[in-house]
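Okay, here's what each chain looks like letter by letter:
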Protein chains: 2
Amino acid sequence: MNDTKTNNNSLIGQSIPRIDSPSKVTGKAQYAGDIILPGTLYGKLLLSTVAHAKIKNIDISAALALPGVKDVIVGKDTPCIKFGNWRLFPNTQDELPLAVDKVRFIGDEIAAVAAITPEIAEAAIALIKVEYELLPAVFNIDDSLAPGAPLIHDENKELTSNISLDRKIDVGDIEQAFKDADYIREDSFLVHPHSHAYMEPCATIAETDAEGRVTIYTSTQTPYIVQCLLASTLGIPENHVRVVKPAIGGGFGGKMELRTWEFCAAFMSRRTGRPVRFVLTRQEELEIGRRRHGMKIKSKVGFKKDGTIVAKDFEAYLDGGAYNSMGPTATFLCGNFGAMLYRYPVYRYRGYHVYTNLPPSGAMRGFGAPQAMFISETQMNMAAIDLGIDAIDLRIKNAMVTGDKIEGVTTISSAGFVESLEKIASATQWKEKKKNLPPNKGIGIGCYSFISGGVFNWFNTQYHFSACEVRAYDDGTAHLFTMSCDIGQGSDTVLRQILAADLGILPNMIRLTAGDTAMTPKGDLGTWGSRVTLMNGNAILDASKKIKNELAKIVSVKFNLNVIHDVAFADGRVFAKANPKYGMTFGEAVTMWVKMNRGEELTARGVYTPRDKGLTTPAYSFGAQVAEVDVDPETGVVTVEKISTAHDCGTVINPLSVEGQLEGAIQMGLGYTLCEQFAIKDGKTLNTTFLDYKVPAAEDMPQIVSYKIDTYEKEGPFGAKEVGEGLVIPTAPAIADAVFQATGYRCKDLPITPEKILKSQGKI
Amino acid sequence: MNDTKTNNNSLIGQSIPRIDSPSKVTGKAQYAGDIILPGTLYGKLLLSTVAHAKIKNIDISAALALPGVKDVIVGKDTPCIKFGNWRLFPNTQDELPLAVDKVRFIGDEIAAVAAITPEIAEAAIALIKVEYELLPAVFNIDDSLAPGAPLIHDENKELTSNISLDRKIDVGDIEQAFKDADYIREDSFLVHPHSHAYMEPCATIAETDAEGRVTIYTSTQTPYIVQCLLASTLGIPENHVRVVKPAIGGGFGGKMELRTWEFCAAFMSRRTGRPVRFVLTRQEELEIGRRRHGMKIKSKVGFKKDGTIVAKDFEAYLDGGAYNSMGPTATFLCGNFGAMLYRYPVYRYRGYHVYTNLPPSGAMRGFGAPQAMFISETQMNMAAIDLGIDAIDLRIKNAMVTGDKIEGVTTISSAGFVESLEKIASATQWKEKKKNLPPNKGIGIGCYSFISGGVFNWFNTQYHFSACEVRAYDDGTAHLFTMSCDIGQGSDTVLRQILAADLGILPNMIRLTAGDTAMTPKGDLGTWGSRVTLMNGNAILDASKKIKNELAKIVSVKFNLNVIHDVAFADGRVFAKANPKYGMTFGEAVTMWVKMNRGEELTARGVYTPRDKGLTTPAYSFGAQVAEVDVDPETGVVTVEKISTAHDCGTVINPLSVEGQLEGAIQMGLGYTLCEQFAIKDGKTLNTTFLDYKVPAAEDMPQIVSYKIDTYEKEGPFGAKEVGEGLVIPTAPAIADAVFQATGYRCKDLPITPEKILKSQGKI
């Protein structure tokens with residue numbers, strides 16, 4: 001992809017502080033919810049109070065009559081255009097901005113109000129009367145698939161059950177392979193839905209110009225996706241919508257789709273001619289927000305006596321909730337991740353995305369992988385015991401290595417997995433500790449691999465996956481335009497670091513404009529799938545290379561360089577690599593370039609689209625994590641004392657950012673494993689505050705140690721690959737394994753609660 | 001320049017309503033003063049109360065101690081870097097953001113305060129104590145040039161008088177030419193300063209990011225100029241300053257420089273880390289605002305008996321006030337305009353820019369031309385009487401025509417002047433009316449010519465004079481990025497009309513982003529000198545041509561066009577001109593282009609820089625105006641009853657906009673001629689409200705009739721040239737001539753007041 005391997009610019013690998021830190025710690029950062037425009041109206045949604053029903057009638061007259069109410073809309077007032085991220089397969093687009101004939105879950109959006117104060121909007125919502133005709137509802141996979149179950153999307157005549165879509169992978173002869181196995185491990189698992197629990201609830205403000213063009217400031221990871229889908233649901237040209245991403249307080253996959261409040265803000269802004277703003281409450285977020293798919297998984301793995309894996313048969317049912325959302329991707333990736341980490345010469349996957357009358361599941365950090373790998377890793381730990389092989393040794397025996405292929409899925413272009421396993425074993429004194437575990441103490445292992453962005457074009461964009469523009473100026477500065485979104489993960493800092501390193505100037509000499517569909521180049525799919533560092537980084541290096549080629553001309557002419565001499569960019573200078581005195585400052589070179597080009601501005605666009613990279617990703621991260629726990633024998637409470645991680649994310653661009661990702665991932669992994677769980681009764685989510693939905697806090701965090709495995713990913717910028725999502729995967733299986741070592745309780749049904757531990761021990 | 005002559009797109013010549021009208025009539029338009037950012041501090045300036053003094057001491061302690069005051073700065077706190085628009089000659093840059101050692105006029109800026117409320121800021125200003133050592137002051141040109149006058153810029157050791165700069169033009173042998181003349185007309189004139197009187201007082205709000213980059217929203221005509229000068233006075237890289245132009249409520253040349261409040265807002269924002277805002281009061285505007293130069297002019301013109309002009313000797317002293325400001329340009333252009341309109345085979349110009357202890361004069365609509373042409377036109381009217389030739393016939397005899405050259409100055413590329421004169425004569429029944437004037441009625445004539453942008457690079461930019469970017473989209477829309485500034489004159493509408501016409505799509509399919517130095521292409525000198533339609537229009541056609549070339553490829557391939565066939569763009573389609581059915585929609589063509597280019601975005605930059613176009617402009621407008629007045633014999637009050645104009649602005653892009661410019665120009669010309677006048681006593685401006693500084697209102701407007709002369713300017717987009725400034729020129733000489741016809745009072749000292757008329761008649 002690029003020739004950056006030889007670039008040993010000292011900026012790469014430096015812990016440059018985050019660009020956004022000062023604005024965030026001083027409270028200056030402007031989130032979408034902080035933006036109030038002149039004449040703003042306050043929006044509020046009416047949510048369904050029933051899980052499954054026909055809408056017989058909606059009476060909005062009292063709401064409309066309330067003084068201060070400027071607009072009330074129901075589904076029928078809208079163009080009634082369905083949307084969904086999987087534009088490649090339009091029949092997966094099953095969601096309407098506002099329900100028209102039916103509601104399908106408690107929280108389904110029915111109507112919206114815009115009023116001059118938030119209080120009036122709320123009062124107006126209470127005045128809307130909805131007449132329902134109740135339908136039977138299903139709240140889990142089994143009920144949804146039972147004969148006679150109500151069809152949740154009966155309007156889709158192609159569906160004969162609540163399975164909205166499936167995916168099949170068949171590599172090799174599965175029947176024969178299992179016949180050849182010496183040992184077969186077969187288990188069933190349940191994994192639970194999990195909230196993104198981002199700090200910033202979704203917020204949106206939309207305004208409309210005199211010609212009907214909409215500008216929307218919204219808490220999103222994917223401005224381009226919101227632009228396209230908002231335009232199509234409004235029925236206006238795509239470029240009559242401008243999506244601007246302000247500061248974002250976390251996304252984790254929960255903000256990568258068009259959402260109803262974005263539509264309603266834009267639609268009502270067009271109707272009223274005034275800005276319309278929605279800010280979700282925490283309660284609404286936890287009630288109707290997307291979440292990680294709960295799944296029911298059956299997995300069967302065959303081994304030879306020596307531990308060599310011969311086959312895997314993996315069957316997953318995903319609880320999709322009421323709409324597809326990003327479920328197709330999760331169904332797709334769950335199958336891909338089921339085949340990851342180890343060499344499965346024969347592999348079968350059956351994935352089914354199932355509608356239920358629950359809030360829709362969507363993308364969430366890991367995107368099918370945490371579920372698939374909790375199962376794989378737990379089974380590896382169980383098989384190791386049965387086979388009498390150390391769990392790490394068993395892994396090393398089967399670990400994927402650079403060059404491995406998964407038929408029809410991918411090729412592993414770089415893998416530091418074996419090295420991660422070896423490092424974690426020695427660093428944690430794995431074998432010694434395991435042999436000498438004190439009572440109630442456990443040590444366990446979990447591993448992961450994750451994608452560095454997806455290559456499968458489900459959004460069906462005709463534009464490049466990533467694009468940027470770089471402008472270079474005579475004052476020694478540059479301006480980077482990128483559609484990528486820093487959602488708290490630090491990509492603005494890292495992308496600027498990549499450009500600065502390549503141009504040989506300081507990061508603070510670079511102005512950055514990001515995530516504004518009217519300003520930053522098309523297209524860019526945004527922030528998800530750990531794609532930004534690799535994909536946008538590559539686009540940036542593409543643009544940077546063009547800028548450097550231009551400036552090299554200047555130095556070459558000015559100093560009459562021999563054609564064999566290369567030109568280097570470092571310390572704010574452009575010079576002959578072989579003889580640095582033949583050079584000038586970056587700004588001087590641009591000045592001369594502008595003169596040479598008779599007044600042109602020096603700009604370059606850079607793009608990156610992965611091509612012929614299989615079906616999954618251009619590059620995989622790998623890693624191994626060891627958890628050490630203490631379990632209170634009386635209460636069953638698990639205390640995670642230490643988490644050690646050895647991981648391969650390719651070249652580390654910014655160690656501080658990598659540490660931040662690791663810490664955040666462990667916090668999220670802890671919550672997933674031990675304490676976060678939706679309490680749902682008859683389809684209604686009961687725990688809708690952070691008092692009741694328990695997210696680990698600072699005091700819950702264990703000691704964290706990490707080891708970086710040196711690899712170089714040739715497809716990545718400066719050799720880098722992902723670090724944002726993969727690290728959230730190993731924590732659950734590692735803790736579960738440690739809990740097993742401490743208590744004998746083997747978790748096949750997340751989360752691990754004290755009740756489950758005590759019950760397994762017959763203590764309650 | 002471009003091949004648009006053959007483009008007969010129906011959009012050109014259409015009265016498309018202004019883009020900005022809805023936002024302005026509904027009050028939604030956001031001016032700089034409407035922008036309040038979180039944590040905004042309110043700025044206020046301390047202005048000198050004396051006209052000329054050394055600053056002995058400034059005590060800011062009491063101001064600083066006032067609760068709510070966050071910053072107080074004086075000149076010495078700043079980097080003390082002088083600025084001025086004439087970067088080409090750095091020694092003309094004579095202004096400091098805040099006075100350091102001396103003040104030079106009443107209103108000179110000494111200190112600034114930023115506080116949490118405007119009231120506290122004002123109170124703090126009152127607490128600052130300045131100790132002056134008074135110096136003698138001069139308030140007019142004669143006193144300033146008298147022997148022993150105080151040197152206002154004694155710090156500039158190159159100056160030996162208060163003449164800050166001069167310009168000389170010598171074409172031919174002036175002594176001999178006057179010897180050959182049959183009739184010599186020699187007169188002295190005084191013209192007065194004139195306020196822009198824009199509706200929107202200057203307003204600025206600046207914010208600073210964590211790395212010290214400043215974003216400033218400011219009421220300006222010239223974002224790029226403000227960016228450059230703000231950066232240099234702050235001592236930071238140019239591109240660490242972003243200047244954004246919000247809606248602007250008029251400029252007329254008064255908002256084309258860096259101003260003190262812009263510096264102070266940015267500087268104090270950097271010091272405090274908070275946004276800092278300044279909004280001038282109307283009183284401050286009229287007290288310290290720039291104004292049109294008052295001048296003292298001697299003009300001597302030689303004629304042959306038959307009316308043929310043989311020579312002109314033109315000497316102008318410009319009252320520059322305390323700083324150069326745009327005075328160098330006015331001095332330069334006054335000389336150029338002195339040579340305009342008629343063929344002067346021999347021409348001498350002596351122009352002197354003189355410092356006085358008055359507020360600085362600057363650029364104002366017409367920029368040296370209203371003064372120069374008031375004199376020329378008045379002398380033509382006087383000479384016509386003496387020579388016994390009709391005033392229009394005399395003009396026609398000497399009128400410039402297409403192809404005329406002014407040595408060392410310019411070539412006239414198109415001139416509809418003779419046609420204008422002929423048209424106005426017939427349309428107004430000039431000769432008949434003049435012969436049969438009722439008592440107290442008068443009819444008079446004045447003519448004009450003006451530039452369509454300047455070609456002399458006084459700002460010394462290294463970038464193109466105009467630049468734009470066009471992005472074309474698959475939904476049939478486009479996005480135009482331009483640094484040009486709509487300041488109320490309607491350029492956004494006209495530029496979009498030009499692009500729409502050329503691309504064959506509707507104007508409302510084009511998103512427009514203008515006047516944002518971080519977004520819109522560099523460079524562009526902004527809005528002044530009637531440059532926007534011609535220069536930015538040309539840049540747009542340059543970009544549009546590139547876009548069209550790309551889309552023509554698509555149609556050519558798709559329909560296998562013969563290489564001799566041209567591709568046309570009209571009605572939202574791209575098609576073979578010879579056979580329109582071979583075509584597709586604009587959006588379909590872009591879609592295919594993106595596909596052909598494997599995901600690239602279709603964008604093009606366009607530029608325009610006039611090269612080798614002499615010293616003045618690429619194209620001149622021309623016109624003739626007739627005023628009909630009634631003068632009350634008892635009160636001397638002049639009522640202008642009708643103004644008729646025949647004018648040549650090349651192709652009319654938008655008739656409605658041209659009418660608007662004409663009406664605005666007549667309003668401003670009326671005020672200049674009859675009622676607007678600064679009352680200044682000992683250097684202090686006394687009339688600082690619109691009650692006392694009398695601007696004509698709607699009820700003062702005469703009947704207006706206009707006639708468009710058909711010409712085609714080959715250097716202009718679709719044949720267009722300027723209409724924004726020239727029309728302000730003829731009104732004063734036309735009214736003055738009419739007043740002479742009605743009363744016998746020949747004005748050589750603007751404005752024409754009832755007192756002057758009555759005095760001339762011995763009535764008072």
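In this numbering scheme, every chain counts its residues from 1 along its sequence in written order. Chains and ligands are labelled sequentially in the order written, the chains with letters from A and the ligands with numbers from 1. Predicted model: local features are reported for residues with pLDDT of at least 70 only, side-chain atom pairs are reported and counted for 80 or more only, and whole-chain, interface and lining totals are derived from all residues.

Novice: Describe helix H12 (residues 417-427) of chain B, listing the residues and the values that go with them.
Specialist: Each residue is classified by how many other C-beta atoms fall within 10 Å of its C-beta atom, where C-beta atoms are placed from the backbone; a count of 20 or more means buried, 12 or fewer means exposed, and values in between mean partly exposed. Runs of H or I in DSSP of at least four residues are treated as helices and runs of E of at least two as strands, each being numbered from the N terminus. Considered for burial, the residues of H12(B) that qualify are B:Phe417, B:Glu419, B:Ser420, B:Leu421, B:Lys423, B:Ile424 and B:Ala425. Positive backbone phi, approximately 50°, marks B:Gln429, located one or two places after H12(B).

Novice: Summarise the environment of B:Ala619; cite the residues concerned and give the values.
Specialist: Residue and element names in this part refer to chain B. As for its position among the elements, Ala619 is in the loop between strand E27 (602-608) and strand E28 (620-631). Judged by C-beta crowding, with 29 C-beta atoms within 10 Å, Ala619 ranks as buried. Along the primary structure Ala619 and Ala720 are separated by 101 residues, whereas in three dimensions their C-alpha atoms are 9.3 Å apart. In this description, any two residues whose backbone-derived C-beta atoms lie within 7 Å of each other are considered to be in contact. Sequence-distant contacts of Ala619, defined by excluding residues within four places in its chain, comprise Ser413, Ser414, Ser452, Leu534, Glu713, Glu715, Gly716 and Lys721.

Novice: Give me the sheet that holds strand E20 (residues 441-451) of chain B: which residues, what numbers.
Specialist: All names here are of chain B. At least two bridges found by DSSP between two strands is the condition for calling them paired. Taken in spatial order, the four strands line up as E20-E28-E29-E32 in an open sheet, and their pairing is mixed. The open sheet is flanked by E20 and strand E32 (703-708), the only strands paired with a single partner. Averaged over all neighbouring strand pairs, the angle between strand axes comes to 15°, with direction disregarded. Where E20 and E28 come together, 11 bridges link them in antiparallel fashion. Only C-alpha atoms enter the line fits that serve as axes; for helices the fit covers just the stretch in contact. Angles between N-to-C directions range over 0 to 180 degrees.

Novice: Break down the environment of B:Glu601 for me, with residues and values.
Specialist: By the element assignment, B:Glu601 lies in the loop between helix H16 (586-596) and E27. When the C-alpha atoms of B:Glu601 and B:Gly664 are compared, they prove to be 42 Å apart, with 63 residues separating the residues in sequence. For B:Glu601, the contacting residues outside a window of four places in its chain are A:Tyr463, A:Ala467, A:Pro521, A:Lys522 and B:Arg471.

Novice: So what's going on with the domain arrangement of chain A? Residues and values would help.
Specialist: Residue and element names in this part refer to chain A. Where each domain begins and ends is defined by an automated method or by a domain database. Domain parsing of chain A yields domain 1 (4-28 + 465-608), domain 2 (32-135 + 197-288) and domain 3 (291-456 + 614-760). Taking the mean C-alpha position of each, domain 1 and domain 2 sit 38 Å from one another. Each side of the interface is counted separately: domain 1 has 17 residues, and domain 2 has 17 residues. Under the convention adopted here, Pro, Cys and the residues Ala, Val, Leu, Ile, Met, Phe, Trp and Tyr are nonpolar, Asp, Glu, Lys and Arg are charged, and Gly plus all remaining residues are polar. A breakdown of the residues in the side of domain 1 that touches domain 2 according to their chemical character gives seven nonpolar, six polar and four charged.

Novice: Now, about the nonpolar core: what can you tell me, with residues and values included?
Specialist: Proteins that are soluble and globular tend to have nonpolar side chains buried together. Within the largest apolar cluster, 464 residues are counted, with the highest numbers of intra-cluster contacts made by A:Ile735, A:Val739, B:Ile735 and B:Val739. Beyond its immediate chain neighbours, meaning those up to four positions away, B:Val739 contacts B:Gly442, B:Val629, B:Val631, B:Val638, B:Tyr745, B:Cys747, B:Ile752 and B:Ile757. Definition of nonpolar core: a set of buried Ala, Val, Leu, Ile, Met, Phe, Trp, Tyr and Cys residues joined via C-beta atoms within 7 Å.

Novice: Provide a residue-level description of unusual backbone geometry, including the pertinent values.
Specialist: That bond from B:Lys522 to B:Gly523 is cis: its omega, -15°, falls within 30 degrees of zero. Relative to the assigned elements, B:Gly523 resides in the loop between strand E23 (510-514) and helix H15 (532-558). At the junction of B:Leu750 and B:Pro751, the peptide bond is cis and its omega measures out at -5° in the coordinates. Among the structural elements, B:Pro751 can be located in the loop between helix H18 (731-743) and helix H19 (754-760). Its identity as a non-glycine residue notwithstanding, A:Asp571 has a phi of 55°, on the positive side.

Novice: Go over the sheet that holds strand E10 (residues 203-208) of chain A, please, and point to the residues and values.
Specialist: Residue and element names in this part refer to chain A. One open sheet holds the seven strands; their spatial order is E3-E5-E1-E13-E10-E11-E12, and the pairing between them is mixed. Edge strands, defined here as strands with exactly one partner in the open sheet, are strand E3 (69-74) and strand E12 (241-244). Averaged over neighbouring strand pairs, the angle between their axes works out to 20° when direction is ignored. Packing of helix H6 (residues 223-234) onto the sheet brings it into contact with strand E11 (214-218) and E12, and relative to E12 it is tilted by some 150°. Here helix H7 (residues 260-272) sits on the sheet and contacts strand E1 (41-47), E3, strand E5 (109-115), E10, E11 and strand E13 (276-279); the angle it forms with E10, its principal contact strand, is near 25°.

Novice: Requested: an account of the packing of helix H10 (residues 369-387) of chain A against helix H11 (residues 391-398) of chain A, with residues and values cited.
Specialist: Residues and elements named next belong to chain A. Where H10 meets H11, the closest approach of the two axes is 9 Å, and the angle between their N-to-C directions is 105°. As summarised for this structure, H10 and H11 are arranged roughly perpendicular, according to the angle between their axes. Between H10, through Met380, Asn381, Ala383, Ala384 and Leu387, and H11, the contact on the second element is made entirely by Ala391, Leu394 and Arg395. In the contact of H10 with H11, the residues fall into six nonpolar, one polar and one charged. Working definition: roughly parallel below 35 degrees, roughly antiparallel above 145 degrees, roughly perpendicular at 65 to 115 degrees, and oblique for all remaining angles.

Novice: Help me get a handle on the interface of chain B and chain A, residues and values and all.
Specialist: Across the boundary between the two partners, chain B contributes 35 residues, which contact 35 residues of chain A. Breaking the side of chain B that touches chain A down by element, the ones donating at least two residues are helix H1 (21-25), E23 and H16 of chain B. Looking at which element gives the most residues to the side of chain B that touches chain A, the answer is H16(B), with three residues. Residue composition of the side of chain B that touches chain A, by class: 12 nonpolar, 13 polar and 10 charged.

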